[in-house]
Amino acid sequence: MSHDDSGSASAAPPLHRGVWLALGLSLGAAVSLGITRFAYGLLLPPMRADLGWSYLLAGAMNTANAVGYLVGALTVPGLMRRFGPVAVLIGGALLAALFMAGSGFFTADAPLLVQRWLAGIVSAWMFVAGGLLAARLSNGWPRHTGWLLGLYYGGVGSGIVVSALAVPALLDWAAARPHGWAWAWWGLALVCLLAAAGLVSTWRALAAQGLGGTVTGRAPSVAPSSAPAMESSAPGTADLLRAFAPALLGYALFGVGYIGYMTFVIALLRDRGTAAADITAFYALLGVAVMASSRLWAGWLDRYRDGRPLARLNALLGLATVLPALTPAWPLVLASGVLFGAVFLSVVASTTALVRHNLPASRWAAGISAFTIVFAVGQIVGPTVVGWIGDGPGGLERGLLFSALALWLGALVAWRQRALR
């Protein structure tokens, strides 16, 4: 699929406006994944030491988050039809702040599991709503869709960087206090509130551009059931699942593999006695690589309409995941973090681009939701399995090897995905 906007170049809005809108939307990605999900990897070691968790229970916390993400993925289409994607995005940021703060008030397993589950629900709402709004930017800048999507997803990196810098500082400050890790949860909740304020400003800019709709209105260009008539070539739900089956399975295996790394790699480094400053540098560089990744793979996302980008990115991610399992050599471990950060959110962007290339706009929400659901299912499996393996004789190294194998299998499956006619 190609786009030719040369004929209307004089009327096209300036690209910098699209860049600023994508960056504003990326605040939602920063909260939904960069903070609400991935900051837990930094908090896992002190919480595990303080509360006496096994790795299985520590992994179950992120499994609860993934179950919530699945619930959120299943419910977000109806919410967007009722309230519009902008309201879902901003409301999700406010609820994320509430649930992140709630995690600092409990020490018992059950309420912490509930908090992680609730945070997973709102993270899915935010991520899907923000992704749909980012996809709308292709209406104004069709030749730069891959880059603008990459900027949105790269917002996860900014959330990771903020977490990498804020969490260790808060843990050090509260080290003498009982359950000092609670202060890190409260600090991250404040960051979520600030991001919500930024999203309100972005909504106003989207409305001025004619891309955001109203906060309480419907989203006619992307909601799956709002189009009065479906294009005759648009597949139904069952046909859509069959047509995208290789990519959906490859993406589910991505969910299985990547989350084990993001949940436990910091715990692995801590177990090896890695200095706190080195761990901060490792995680911050991973986040910076996420932010820089928007330009690295944009050409693939714009050029290919099949599963090749998903397959290649899964394969690279498997390489990044296996390195810490094979060697404690710090240069290779650091390279693992940089490569992982440079790749993993582009896998998510590749599925959005696949949907945009192969479906009409009226089916984008259905397509993205399908990928979000299988992604959530994969994430449910990954943390618990890796935690269970980590409690065994092979340790977390063997758990990360399992994650890498899942990613490589996902690459083989996704390679079979063909473009739709």
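Quick note: structure is the one above.
Read on for a plain summary of the structure.

Reading the values: rules and limits
- Residues numbered from 1 in each chain as written.
- Predicted model: local features only at pLDDT ≥ 70, side-chain atom pairs only at ≥ 80, totals over all residues.
- Heavy atoms only, no water.
- Helix = DSSP H or I, 4+ residues; strand = E, 2+ residues; numbered from the N terminus.
- Buried < 20%, exposed > 50% of the residue type's maximum accessible area, 1.4 Å probe, protein only.
- Contact = heavy atoms within 4.5 Å.
- Areas by Shrake-Rupley, 256 points an atom, 1.4 Å probe, with all protein chains shown as cover.
- Axes fitted to C-alpha atoms, helices over the stretch in contact; angles between N-to-C directions.
- Parallel < 35°, antiparallel > 145°, perpendicular 65-115°, else oblique.
- Left-handed = near helix turned anticlockwise from the far one by under 90°.
- Nonpolar A, V, L, I, M, F, W, Y, C, P; charged D, E, K, R; others polar.
- Patch = residues over 30% accessible without salt bridge, like charges linked within 9 Å, V, L, I, M, F, W, Y side chains within 5 Å.
- Salt bridge = Lys/Arg side-chain N within 4 Å of Asp/Glu carboxyl O.
- Expected span 1.5 Å × (residues − 1).
- Polar contact = N/O pair within 3.5 Å; in protein donor to acceptor, adjacent residues only side chain to side chain.
- Lys, Arg positive; Asp, Glu negative; His and termini not counted.
- Phe/Tyr/Trp six-rings, centres within 6.5 Å; stacked < 30°, edge-to-face > 60°.
- Bend = angle between axes of the 7 residues up to and from the residue.
- Core = buried A, V, L, I, M, F, W, Y, C linked by side-chain atoms within 4.5 Å.

Regarding the overall build of the protein
Check the secondary structure of the protein and you find 15 helices and 0 strands. Burial analysis of the protein (421 residues in total) assigns 59% to the buried set. Here the analysis covers contacts within the protein between residues at least 6 apart in sequence; of these, 86% occur between residues at least 24 apart. Within the structure as shown, the protein displays about 15500 Å² of accessible surface, and the carbon and sulfur contribution to it stands at 67%.

Considering the packing of helix α12 (residues 308-326) against helix α13 (residues 330-358)
Running from N to C, α12 and α13 cross one another at 155 degrees; their axes reach a closest spacing of 8 Å. Between α12 and α13, the interaxial angle falls into the category roughly antiparallel. Note on packing geometry: the crossing formed by α12 with α13 is left-handed. Together, Pro309, Leu310, Leu313, Asn314, Leu316, Leu317, Leu319, Ala320, Thr321, Leu323 and Pro324 of α12 and Leu332, Ser336, Leu339, Phe340, Val343, Phe344, Ser346, Val347 and Ser350 of α13 make up the contact between the two elements. Of the residues that constitute the contact of α12 with α13, the class distribution is 15 nonpolar, 5 polar and no charged.

Structural notes on a nonpolar patch on the surface
Taken together, the side chains of Leu94, Leu190, Leu193 and Leu194 define a hydrophobic patch exposed on the protein surface, amounting to about 400 Å² of accessible area. Per-element tally for the nonpolar patch: the top contributor is helix α7 (residues 181-209), with 3 residues. Looking at the secondary structure, you find leucine 194 in helix α7.

Thoughts on the pattern of salt bridges
Per the stated rule, a full pass over the model turns up 2 salt bridges. Of the charged contacts, one joins glutamate 397 and arginine 272 as a salt bridge, the two residues approaching to 3.3 Å between their closest N and O atoms. Of this pair, glutamate 397 sits in helix α15 (residues 395-414) while arginine 272 sits in the loop between α9 (245-271) and α10 (276-296), and the two are 125 residues apart along the sequence. Since its relative accessible area comes to 26%, glutamate 397 is described here as partly exposed.

Quick notes on the environment of leucine 323
By secondary structure assignment, the location of leucine 323 is in helix α12. Among the residues examined, leucine 323 registers a relative accessible area of 17% and is labelled buried. Linking leucine 323 and leucine 334, residues 11 residues apart in sequence, is a C-alpha distance of 9.5 Å. Apart from the residues lying within four places of it in its own chain, the contact partners of leucine 323 are Leu332 and Ser336.

Looking at helix α14 (residues 364-390)
Given a rise of 1.5 Å per residue, 27 residues ought to cover 39 Å, and the 39 Å separating the end C-alpha atoms of α14 matches this to within 8%. Burial analysis of α14 places 19 of its 27 residues in the buried class, the great majority of the element.

Quick look at the side chain of threonine 36
If you trace the backbone, threonine 36 turns up in the loop between α1 (15-35) and α2 (40-51). For threonine 36, a relative accessible area of 1% corresponds to the buried category. In terms of polar contacts, threonine 36 uses its side chain to reach the backbone carbonyl oxygen of valine 31, at 2.5 Å. Once residues within four sequence positions are removed from consideration, threonine 36 is found in contact with Val31, Asn65, Ala96, Met100, Arg116, Ala119 and Ser123.

Considering the side chain of arginine 37
Along the polypeptide, arginine 37 turns up in the loop between α1 and α2. Buried and unpaired, arginine 37 has no salt bridge, with aspartate 109 as the nearest side chain of opposite charge at 19 Å. One polar contact links arginine 37 to tyrosine 258, side chain to side chain, over a distance of 3.2 Å. Dropping the residues within four chain positions of it, arginine 37 is found in contact with Ser32, Asn62, Asn65, Ala66, Tyr69, Arg116, Ser123, Tyr258, Ile259, Phe375 and Gln379.

Topic: the packing of aromatic side chains
What the rule picks out here adds up to 19 aromatic pairs. Ring plane angle 70 degrees and centroid distance 5.8 Å describe the contact between tyrosine 251 and phenylalanine 371, whose orientation is recorded as edge-to-face. One end of the pair, tyrosine 251, is in helix α9; the other, phenylalanine 371, is in helix α14, and 120 residues separate them in sequence. A relative accessible area of 3% means that tyrosine 251 is categorised as buried. A relative accessible area of 2% means that phenylalanine 371 is categorised as buried.

Looking at unusual backbone geometry
Positive phi outside glycine occurs at histidine 179, with the angle close to 50 degrees. Among the structural elements, histidine 179 can be located in the loop between α6 (145-173) and α7.

Considering α13
Helix length check: α13 (29 residues) gives 42 Å between terminal C-alpha atoms against 42 Å at 1.5 Å per residue, within 8%. Valine 347 marks the point of greatest bend in α13, at about 30 degrees. Taking burial as the measure, the 29 residues of α13 include 22 buried ones, the bulk of the element.

Looking at the nonpolar core
The biggest cluster of nonpolar side chains holds 128 residues, and the ones touching the most others in it are Phe38, Phe127, Val156, Phe254, Tyr258 and Phe344. Discounting residues that sit within four places of it in the chain, phenylalanine 127 has contacts with Ala29, Ser32, Leu33, Tyr69, Tyr152, Tyr153, Val156, Leu345 and Val348.

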